[in-house]
Amino acid sequence: METNCSTLRKEELIFRVRPLTTLILLLGCCLSAYSQVIKTYRVSDVDPQCAFYTNNGYPTEGGHLDITSVTTYTAFPRNAGYALKVVGTTGTFKEYANGTATLDVVYNLADKTTGALSAENWTMHIDLVGRTTTAPPHFPMGGACGNAAGTGFVYYNVSQGTVTSNIAGHGPYIVQNKDQSSLAPTDPPGSQYTAYFQMGNGASLRHPTAFGLGGWWDVIRVNNPDGAYPFGVGDSYLELEEIPSCTNPTVSINNTNPSICPGGNSTLSVSGCTGGTVAWNDGATGVTRVVSPSITTTYSATCTIGDCNGSASTSVTVSPAPAPTVNSPSICAGQSAVLTVSNCSGTVNWGGGITGATRTVNPTTTTTYSATCTVGACSGSTISTVTVTPAPAPTVNSPSICAGQSAVLTVSNCSGTVVWNDGSTGLTKTVNPTTTTTYSATCTVGACSGSTTSTVTVNPLPTLSLAASATNVTVGTPVSLSANGCSGNVAWSSGQTGSVITVTPMNATQTYSATCTTPAGCSATAAITVTTQPAASLVVTSATICAGQSATLVASGCTGNVTWNTGATGATLVTPTLTSTTSYTATCTTGTGSTTTAVGTVTVSPLPTLSLAASATNVTVGTPVSLTANGCSGNLAWSSGQTGSVITVTPMNATQTYSATCTTPAGCSATAAITVTTQPAATCVLSVTVTPGSCVSATNTYSVTATIQLANGPTGILTISTGAFSQTIATTSSATTYTAVLNGLHSDGVTHSVLISLAGCTSVTSTYTAPASCTITTCPPPVHVCKGSGYVYQLNTTPDLGTYQWYRNGIAISGATSSTYNATQAGSYSVVVNGNVAGTCPDNSCCPAIIVEDSIPDYQAQTQTATCQPQSNSVNSDGRILITNWTANSSDTTTYYYEINLGATYDASQRIAGGSTIRVPSNGVLVTNIPNPVSVTGQAYTIRISSSAGCFKDKLVILPQTTCSCPPAQCLPFVIRRIR
């Protein structure tokens, strides 16, 4: 018998399923039994000549997979259309001696349009019967396939078969003949025939010469096992290639050791396979191999010589190794033990010539014995340990105790269990006998035991009482203590011994105890308490006050009662107001009659006298005033924060009060105040008349004369400025008229202004019209810079014209004789070439280059100190910083900004008010909520006033610290009038 399952190639199958039913997709390979193979053919090609089978059962050429339901197998889209494709060329067709044949081919699912393969393939196995050379009815099918019956063909009836899938759960399916019972009602007339397979040269009559030896089958039907909704396979052609027959080799296996013990091995050798290859059933290859199985195993070898093969098999039996066991008894010293081996069906050898499953031993110590069990060629060993336990020899303590005590009995030298004579167990036992008693204990170790006894001796307790000569005394007074009723030794808690001792108690409550110990070691303890009162002790504080005050004296350290010489009682005495030094006596009396006295003295210090004087009490605002404190014999502190008997102040408010406090070394103080009023200063008045001169053609410049009138003016520096040019004049206290001439101004015919400024005065401005230009030149506008910014401007004219001379404000500049000049000052700059020879004036050289310095007016800054809160005598956070004269004049339209920061230099990170874009308030008050400085030297602030042009001027101010003090005491008259 032989089983075959080969692969179909390039064959197209047509499936038919009804709507809403489970799709049956997968085909499988089945196994059948046949007689001797007479011929074997290899399927080398498949031609889907006329495969068909559609939904309605009518044959249609060019068949395809038509899916009408996806109820269960959703991997295929509904009505997607798939074809079948043959995989490989290993399919086989075999003919057998009994007139039957088998066909095995593998199909793979593919898209019918693109041919792309899926992961699933179907294996078809067909059983063919009834070989004949007579063409059966209705075969080959005519019509579209164009086939007709011919001669020289062999025909088989399609009997049965199976279709399986490589995907688990798909199939298997059954191949059935399309006989009358399997026809659908819609099958056309003439369909009632049995499917056949024809084989021969040019098996397809449609293409009789296209192939060599081939096969052709007609329509077959493939059913689901439950008989529901079959599908079919249509006509197809297979190209066949006959495989020559051969003689299978006869092989045998030589097994050197067919029966082994665990861990043994056997050598297997194949003979009769000369020129072939040997493959074993467990995947090994080769003629000879060594095996060592753990269980009985059958080994088969297949010899392959060409297309022929032969097989043989042999078994290696693994006999189990014996696993004997033996008992391991425990005995007491002097006893014997019987050792018995179990689980041994062979012979037992103990060694030393002793055999048998049992033996008797008499060891004196714990001993190990070994037994070996032999069954055939296999053996196993086991070990027995006989434990010898010596007879126990326990011991137990015999203590002596006093009446009322308990004793702990402890058994030693026992590794087993202990049982006492009263039935209790355990190595230790606690007993409470009232008289001397004997106890016994038995120690058991395994089956061995030993006994011991203990006697507990009970001794009587002594009696003891204590007495004292006094139980309440003044601390430090000796007391006699007596111990009565003791027949042994007396030991006291004070460390003394004997029946009578003397103690000196020092604590408020002190307990003394005594212990009486008999010769047997039994003891009794008694205690007695002695209370003490401290000896009289007293301390009275003294005090120092200022005249007119009272003092509080405190008596401390007294544990009894305190009485004063004034008749008052208690630890505290409040004196009346005193004008002279006075002493007071206190007496302390304790509960035990101890007394002592102490004296406290109140020292009275006189008050200082103080008066204030000012160099002037009505001055012009800002005028320094000298303040003097008279009559103070101590330290002086002023409300302005200054110290010393004479200070200088500068009152800025209309009415300003200054106070001073005199503090004597004894701490007595007096305060006085003085008020200074201020008047505003006389107003300074400036006026100016400006007269421009004529244009000088050589330089296209002119001069201007300014006549200034000054009234009530201070001495200082008078500044006359056009922006590009400026001049200063020192003022005197007597002169009232000043004249200034500014030269080198550029003639442009436009209106200009002259600014006149003097510190302490309001600046004035006068305008005038400059003469028209003497040349026909359009000159550039002036360049504005910030005064003091360290600028450098390079002036350039036409080079290589000869000699050059640069002028500033019409005055030749020494050394400026090249075509370039670096200007670092404000002014009107011009250049003359070749001595101003006609026709050599360089372009634009007749127009001056004008540099105008912008600056911030010389404003005045001052501070106003924080004020005092009269009710709480605290300082308010209302210090102020204000400025005046920050604009050049009343017509100055420049926008000015302010910043204030802590410290003596500008630091934006310490800013407390303002900002680079915060305008100066119109009243000049920049900040009104500055806290009082912590330091007596005051707090430094830096003020920065800046303009939109980027120019700035910084000033430093100091805010003094304000010190508030109580106003001086005053005597006020009052009237007493009875109203009821």
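See the structure shown above.
Residues numbered from 1 in each chain as written. Predicted model: local features only at pLDDT ≥ 70, side-chain atom pairs only at ≥ 80, totals over all residues. Heavy atoms only, no water.

A. Structural context of the overall build of the protein. Per the secondary structure count, the protein includes zero helices and 78 strands. Expressed as a percentage of its 980 residues, the buried residues of the protein come to 40%. A separation threshold of at least 6 residues defines the contact pool for the protein, and within that pool the share at least 24 residues apart is 58%. Surface accessibility of the protein: about 48,300 Å² in total, with carbon and sulfur atoms responsible for 51%. (Helix = DSSP H or I, 4+ residues; strand = E, 2+ residues; numbered from the N terminus. Buried < 20%, exposed > 50% of the residue type's maximum accessible area, 1.4 Å probe, protein only. Contact = heavy atoms within 4.5 Å. Areas by Shrake-Rupley, 256 points an atom, 1.4 Å probe, with all protein chains shown as cover.)

B. Focus on the pattern of salt bridges. In the structure shown here, the tally under the stated rule is five salt bridges. The salt bridge involving Glu-899 is made with Arg-911; its shortest N-O contact spans 2.7 Å. Placement of Glu-899 in strand E74 (residues 896-902) and of Arg-911 in strand E75 (residues 911-919) is noted, with a sequence separation of 12 residues between them. Residue classification places Glu-899 among the buried positions, given a relative accessible area of 5%. Residue classification places Arg-911 among the partly exposed positions, given a relative accessible area of 37%. (Salt bridge = Lys/Arg side-chain N within 4 Å of Asp/Glu carboxyl O.)

C. Structural context of the sheet that holds strand E44 (residues 552-556). With respect to topology, three strands assemble into an open sheet ordered E42-E44-E46, the strand pairing being antiparallel. The open sheet is flanked by strand E42 (539-540) and strand E46 (572-574), the only strands paired with a single partner. In the sheet, E44 pairs with E46 via three bridges, with the strands oriented antiparallel. Counted as the bridge partner of Thr-552 is Val-574 from E46. (Pairing = 2+ DSSP bridges.)

D. Expanded view of the sheet that holds strand E48 (residues 595-605). Within the open sheet, the four strands sit side by side as E43-E48-E47-E45. Their pairing is mixed. Of all the strands in the sheet, just strand E43 (543-546) and strand E45 (561-564) have a single pairing partner and so form its edges. Averaged over all neighbouring strand pairs, the angle between strand axes comes to 25°, with direction disregarded. With four bridges connecting them, E43 and E48 associate as parallel partners. Its bridge partner being in E48, Ile-545 is matched across the sheet by Val-604. (Axes fitted to C-alpha atoms, helices over the stretch in contact; angles between N-to-C directions.)

E. Structural context of the layout of surface pockets. When its volume is computed, the second largest pocket comes out at roughly 1,100 Å³. Lining the second largest pocket are 40 residues; nearest its centre among them are Gln-656, Thr-657, Tyr-658, Thr-865 and Thr-962. Residue assignment for the lining of the second largest pocket shows that the elements contributing at least two residues are strand E53 (646-649), strand E54 (655-663), strand E55 (669-679), strand E70 (860-864) and strand E71 (868-869). Top contributing element to the lining of the second largest pocket by residue count: E54, with five residues. Tallied by class, the residues present in the lining of the second largest pocket amount to 14 nonpolar, 24 polar and two charged. (1 Å grid on protein atoms, 1.4 Å probe; cavity = no way out; pocket = protein on both sides within 12 Å on 5 of 7 lines; lining within 4 Å. Points joined across faces, edges and corners; volume = space filled by probe spheres on them. Nonpolar A, V, L, I, M, F, W, Y, C, P; charged D, E, K, R; others polar.)

F. Seen up close, the packing of aromatic side chains. Scanning all chains against the criterion turns up four aromatic pairs. Seen from their ring centres, Tyr-791 and Tyr-793 are 6.0 Å apart, and the 55° between their planes marks the pair as tilted. Assessed through its relative accessible area of 11%, Tyr-791 is described here as buried. The interplanar angle of 35° and the centroid separation of 6.0 Å between the aromatic rings of Tyr-821 and Tyr-829 together place this pair among those described as tilted. Judged by its relative accessible area of 1%, Tyr-829 falls in the buried class. (Phe/Tyr/Trp six-rings, centres within 6.5 Å; stacked < 30°, edge-to-face > 60°.)

G. Spotlight on the state of the cysteines. One pass over the structure, following the stated rule, counts 13 disulfides. The disulfide that involves Cys-786 links it to Cys-951, with 1.9 Å between the sulfurs. What sets the handedness of the Cys-786 and Cys-951 disulfide is the S-S torsion sign, and at about -95° it is left-handed. In this pair, Cys-786 is assigned in strand E63 (residues 783-786) and Cys-951 in the loop between strand E77 (939-947) and strand E78 (952-959), connecting sequence segments 165 residues apart. On the basis of relative accessible area, Cys-786 is assigned to the buried category, the value being 16%. (Disulfide = S-S within 2.5 Å.)

H. Main features of unusual backbone geometry. Phi angles above zero are rare outside glycine, and Asn-809 is one such case at about 55°. Position of Asn-809 relative to the elements: it lies in the loop between strand E65 (804-808) and strand E66 (811-812). Phi at Asn-885 is positive, roughly 55°, even though this residue is not glycine. Mapped onto the secondary structure, Asn-885 falls in the loop between strand E73 (879-884) and E74. Overall, Asn-885 belongs to the partly exposed group, its relative accessible area being 32%.

I. Main features of the pairing of strand E18 (residues 297-305). Of the strand pairs in this sheet, strand E16 (residues 277-280) and E18 are connected by four bridges, and their pairing is antiparallel. When the bridges of E18 are listed, Ala-279 appears paired with Thr-302. For E18 and strand E19 (residues 308-318), the ladder comprises nine bridges, and the chain directions are antiparallel. Paired with Ala-301 across the bridge in E19 is Ala-312.

J. Spotlight on the nonpolar core. Grouped together as the largest cluster of nonpolar side chains are 27 residues, with contacts concentrated most on Leu-686, Ile-708, Leu-718, Ile-720, Ile-756 and Tyr-768. Those elements that place two or more of their residues in this core are strand E56 (685-692), strand E57 (701-711), strand E58 (717-721), strand E60 (737-746), strand E61 (751-758), strand E62 (764-769) and strand E69 (849-854). In terms of residue count, the dominant contributor to this core is E57 (five residues). Beyond its immediate sequence surroundings of up to four residues, Ile-708 is in contact with Leu-686, Ser-687, Val-688, Leu-718, Ile-720, Thr-736, Thr-737, Tyr-738 and Ile-756. One finds Cys-786, Ile-883, Ala-913 and Ile-945 within the second-largest nonpolar core, a separate group that totals 20 residues. (Core = buried A, V, L, I, M, F, W, Y, C linked by side-chain atoms within 4.5 Å.)

K. Spatial organisation of the environment of Tyr-584. Within the fold, Tyr-584 resides in strand E47 (residues 582-589). Here Tyr-584 falls in the buried class, since its relative accessible area comes to 8%. With 31 residues separating them in the primary sequence, Tyr-584 and Leu-553 have C-alpha atoms 8.6 Å apart. Contact partners of Tyr-584, with chain neighbours within four places excluded, come to Leu-553, Trp-564, Asn-565, Thr-566, Leu-573, Thr-575, Pro-576, Leu-578, Ala-598, Val-599, Gly-600 and Val-602.

L. Broad picture of the environment of Cys-847. Examined against the element boundaries, Cys-847 turns out to sit in the loop between strand E68 (827-833) and E69. Residue Cys-847 is classed as buried on the basis of its relative accessible area, which comes to 5%. Between the alpha carbons of Cys-847 and Asn-700 there is a distance of 6.9 Å; along the sequence they are 147 residues apart.

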